[in-house]
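Coordinate inspection notes
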Protein chains: 2
Amino acid sequence: MSLLVVGSVALDSVRTPFGEIQEGLGGSATYFSIAAGCFTKVRLVAVVGEDFPEKHIAFLKSRGVDLRGLCRAKGKTFRWKGSYGEDMNEAKTLSTELNVFQTFRPELPSAYKDTSFVFLANIDPDLQRGVVDQIPEPYLVACDTMNYWISSKPRALKKTLSRVDILFLNEGEARQLAGRSNLLKAARHLLSMGPSTVVIKRGEYGALLFKQDTVFWSPAYPLETVRDPTGAGDSFAGGFMGYLSRRKRLSETRLRRALIYGSIMASFNVEDFSLNRLRKIRREEVEWRFRGFRALVRF
Amino acid sequence: MSLLVVGSVALDSVRTPFGEIQEGLGGSATYFSIAAGCFTKVRLVAVVGEDFPEKHIAFLKSRGVDLRGLCRAKGKTFRWKGSYGEDMNEAKTLSTELNVFQTFRPELPSAYKDTSFVFLANIDPDLQRGVVDQIPEPYLVACDTMNYWISSKPRALKKTLSRVDILFLNEGEARQLAGRSNLLKAARHLLSMGPSTVVIKRGEYGALLFKQDTVFWSPAYPLETVRDPTGAGDSFAGGFMGYLSRRKRLSETRLRRALIYGSIMASFNVEDFSLNRLRKIRREEVEWRFRGFRALVRF
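We now turn to the structure provided with this report. Not measured: the values here are computed from a predicted model.

**Some points on the overall build of chain A**
Each helix and strand in chain A was counted, giving eleven helices and 13 strands. Taken over the C-alpha trace, chain A has a radius of gyration of 18 Å; the compact-globule value for 299 residues is 19 Å, and the two agree within 12%. The dimensions of chain A, computed from C-alpha atoms along their principal axes, are 50 × 45 × 35 Å. By the burial criterion, 61% of the 299 residues in chain A qualify as buried. Residue pairs in contact within chain A that sit at least 24 positions apart in sequence constitute 63% of those at least 6 positions apart. Of the roughly 11,900 Å² that chain A leaves accessible, carbon and sulfur atoms contribute 48%. Both charge centroids of chain A, one from 45 positive and one from 32 negative side chains, sit 5 Å from each other.

As structure tokens, then:
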């Protein structure tokens, strides 16, 4: 089935205790596309500036990413600078230059309008809804969000959630958006806001998938090397949606496996800076790690 | 097989956002015995003061706990006062009165010397080793410890670890004792210090069981009601050791199931203050929750 992502393509400068990178390829739509690209072709909607290096375009194309929705606008590409301390759980943003991203209004090429699976990465909830409006019959809509939108545009976010099937967010954001500190109660509340599935990401503690009557717990793959967590959440969503979009079927088992594939792609992503690990990934490595997840929880 | 615990029997005063209790029954050996009591009889070694209520003695006896090793000393019983904030992950100690526990030197009744399974709760590592010295042929020795001993008696603790088969500790303590922030590296280092199995507890994020070549991940049971986390670690160890001690066999599968039973007993324990939930537990509730854990991770 067709899978579309709307989000950012960026140049990230990141420092962690294990090294640093200057203006590496980044952005939510990029991480998502490359991770999902292990399973399917991805249609990308994003904007870059005149300075965006051709080599990155060539790389995305080489991975089969459909770039008809990538707009090159006057000005500079979105840039983010951040650093991580020893615990690697939270990024400290050093600077954000929105540049061409500031006036980004996602316009879908007409060839994208028959898209079945849609992932709205973490952008303004009004823009997220604007994307859904452009797709007459989506089979499944998923979105991510963050604390910034939860506190600055709660009403717009709620409107968007009423149009969404799967909501991805991290643990702190789930508690904030639901206004409940107990995670089970928070998830129930989020399910009452529209989505039929809520995925709560917990970094090195794994992820949870909530539906009305079931909970599924995915571990995080224990890693000896975590070099750069940037893009983990979007690689996670990419693995999840990439796997899921291969068929029009949303059984409990397929959703659970999608969560595992999300966890797998996130686990690869954090092993190196930028997309350096995801670039090299082979399909059989993904399956080895899938079996690794099974071994991790079997009892 | 016989199972012995050495630790504290205490009177705890605890406040959480969900209520409070004054001088409720507590202590590591108490939580351990009652949790393990779901699976087997427990031999207890601890000390209480002259003021220790008879009703608690009667309760422990009614649960089949062998109290020949419970010494009643001159003075007052060990008391702890603590409170928990909204996140419930860390206790704030308001006061600790060691009282008779200050001069506690565990002496095993001769009838205990043939014990097969030994659990050394979180006490001075020199005293822990003193207990092992009194048992000629233990089949398996497990111990817990804490940040206080890691920083104040590192050498004594290391000597004790060289005599221990299974080490229980929480995540922060594992990193501290191993001097490594990556949990996989920390666990490997701890395994090199003596124990053949390391169990790392992560509260609401579950627990990990490390052996030389394998890792097992137990989730934590998602709960809507967490009233009081006091004693979770000792109930965990109780469920783990209680299950394990039923047979002299330490296969990977039995260790994994022991971790699940530990998680189950901890999950019941935190649902109410003191031992109020564990008191009421029925064996079939434990098995229902065991099936709940299976459903939680199946994919």
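**Details of the pairing of strand E3 (residues 19–26) of chain A**
Two faces make up the sheet, and in a regular strand the side chains alternate between them. The sheet contact formed by strand E2 (residues 10–16) of chain A and E3 of chain A spans six bridges and is antiparallel. Along E3 of chain A, the bridge assignment pairs Leu 11 of chain A with Leu 25 of chain A.

**Quick look at the pattern of salt bridges**
Tallying each qualifying case throughout the model produces 48 salt bridges over all chains. Two residues, Glu 285 of chain B and Arg 282 of chain B, come together in a salt bridge whose shortest N-O distance is 3.9 Å. Take Glu 285 of chain B: its relative accessible area is 13%, and that puts it in the buried class. Residue class for Arg 282 of chain B comes out partly exposed when judged on its relative accessible area of 40%. A single salt-bridge network, built from bridges that share partners, covers Glu 271, Arg 277, Arg 282, Glu 284, Glu 285 and Arg 289 of chain A.

**Digging into the sheet that holds strand E13 (residues 215–218) of chain B**
Consider a sheet: its strands pair through backbone hydrogen bonds, and that pairing is either parallel or antiparallel. Residues and elements named next belong to chain B. In space, the nine strands of this open sheet follow the order E5-E4-E1-E8-E9-E10-E11-E12-E13, with mixed pairing throughout. Each end of this open sheet is capped by a strand with a single partner; those strands are strand E5 (66–72) and E13. Ignoring strand direction, the axes of neighbouring strands in this sheet form an average angle of 15°. Note that strand E1 (residues 3–6) and strand E4 (residues 42–48) share four bridges and pair parallel. Across the sheet, the residue bridging to Leu 3 is Val 42, located in E4.

**Concerning the nonpolar core**
Phe 240 of chain A together with Phe 168, Phe 240 and Met 241 of chain B are the most contacted members of the largest nonpolar core, which has 204 residues in total. If we ignore the near neighbours within four places in the chain, the residues touching Phe 168 of chain B are Phe 119, Ala 142, Cys 143, Asp 144, Thr 145, Val 199, Lys 201, Phe 236, Ala 237, Phe 240 and Met 241 of chain B.

**Quick word on a positive patch on the surface**
A contiguous patch of positive charge, built from Arg 180 and Lys 185 of chain A together with Arg 227 and Lys 280 of chain B, is present on the exposed surface. Mapped onto the elements, Arg 180 of chain A comes out in the loop between helix H6 (171–178) and helix H7 (183–191). A relative accessible area of 35% means that Arg 180 of chain A is categorised as partly exposed.

**Some thoughts on the interface of chain A and chain B**
Counting residues at the interface gives 32 residues for chain A and 32 residues for chain B. Between chain A and chain B, roughly 3,000 Å² of surface is buried when both sides are summed, and carbon and sulfur atoms account for 56% of that area. Area buried by chain A at its contact with chain B is led by Trp 217, Glu 224 and Phe 299 of chain A, which between them contribute 31% of it. Counting across the chain A and chain B interface gives six salt bridges. Two residues, Arg 188 of chain A and Glu 224 of chain B, come together in a salt bridge whose shortest N-O distance is 2.4 Å. Put simply, the parts of the chain that give the side of chain A that touches chain B at least two residues each are H6, H7, strand E13 (215–218), helix H9 (252–269) and helix H11 (283–297) of chain A. For the side of chain A that touches chain B, the per-class residue count stands at 16 nonpolar, four polar and twelve charged.

**As for the sheet that holds strand E3 (residues 19–26) of chain B**
All names here are of chain B. The mixed open sheet is built from four strands, whose spatial order is E3-E2-E6-E7. Strands with a single pairing partner mark the edges of an open sheet, and in this sheet they are E3 and strand E7 (91–97). Neighbour-to-neighbour, the strand axes of this sheet turn through a mean angle of 15°, independent of strand direction. Sheet topology places strand E6 (residues 79–84) next to E7; six bridges connect them, and they run antiparallel. For Arg 79, the partnering residue across the bridge sits in E7 and is Glu 97. The sheet strands contacting helix H1 (residues 28–36) are strand E2 (10–16) and E3, and the helix crosses E3 at an angle near 85°.

**What about the packing of H9 of chain A against H11 of chain A?**
All names here are of chain A. Here H9 crosses H11 at 115°, and the two axes come no closer than 10 Å. In terms of orientation, H9 and H11 fall into the roughly perpendicular class. Relative to H11, the crossing made by H9 is right-handed. Mapping the contact onto sequence places Arg 257, Ile 260, Tyr 261, Ser 263, Ile 264, Met 265, Ser 267 and Phe 268 in H9 and Glu 285, Val 286, Glu 287, Arg 289, Phe 290, Phe 293 and Arg 294 in H11. Taken together, the residues of the contact of H9 with H11 sort by class into eight nonpolar, two polar and five charged.

Rules behind the numbers
Residues numbered from 1 in each chain as written. Chains lettered and ligands numbered in written order. Predicted model: local features only at pLDDT ≥ 70, side-chain atom pairs only at ≥ 80, totals over all residues. Heavy atoms only, no water. Helix = DSSP H or I, 4+ residues; strand = E, 2+ residues; numbered from the N terminus. Rg over C-alpha atoms; globule rule 2.2 N^0.38 Å. Buried < 20%, exposed > 50% of the residue type's maximum accessible area, 1.4 Å probe, protein only. Contact = heavy atoms within 4.5 Å. Areas by Shrake-Rupley, 256 points an atom, 1.4 Å probe, with all protein chains shown as cover. Lys, Arg positive; Asp, Glu negative; His and termini not counted. Charge placed at Lys NZ, Arg CZ, Asp CG, Glu CD. Pairing = 2+ DSSP bridges. Salt bridge = Lys/Arg side-chain N within 4 Å of Asp/Glu carboxyl O. Axes fitted to C-alpha atoms, helices over the stretch in contact; angles between N-to-C directions. Core = buried A, V, L, I, M, F, W, Y, C linked by side-chain atoms within 4.5 Å. Patch = residues over 30% accessible without salt bridge, like charges linked within 9 Å, V, L, I, M, F, W, Y side chains within 5 Å. Buried area = accessible area lost by both parts, 1.4 Å probe. Nonpolar A, V, L, I, M, F, W, Y, C, P; charged D, E, K, R; others polar. Parallel < 35°, antiparallel > 145°, perpendicular 65-115°, else oblique. Left-handed = near helix turned anticlockwise from the far one by under 90°.

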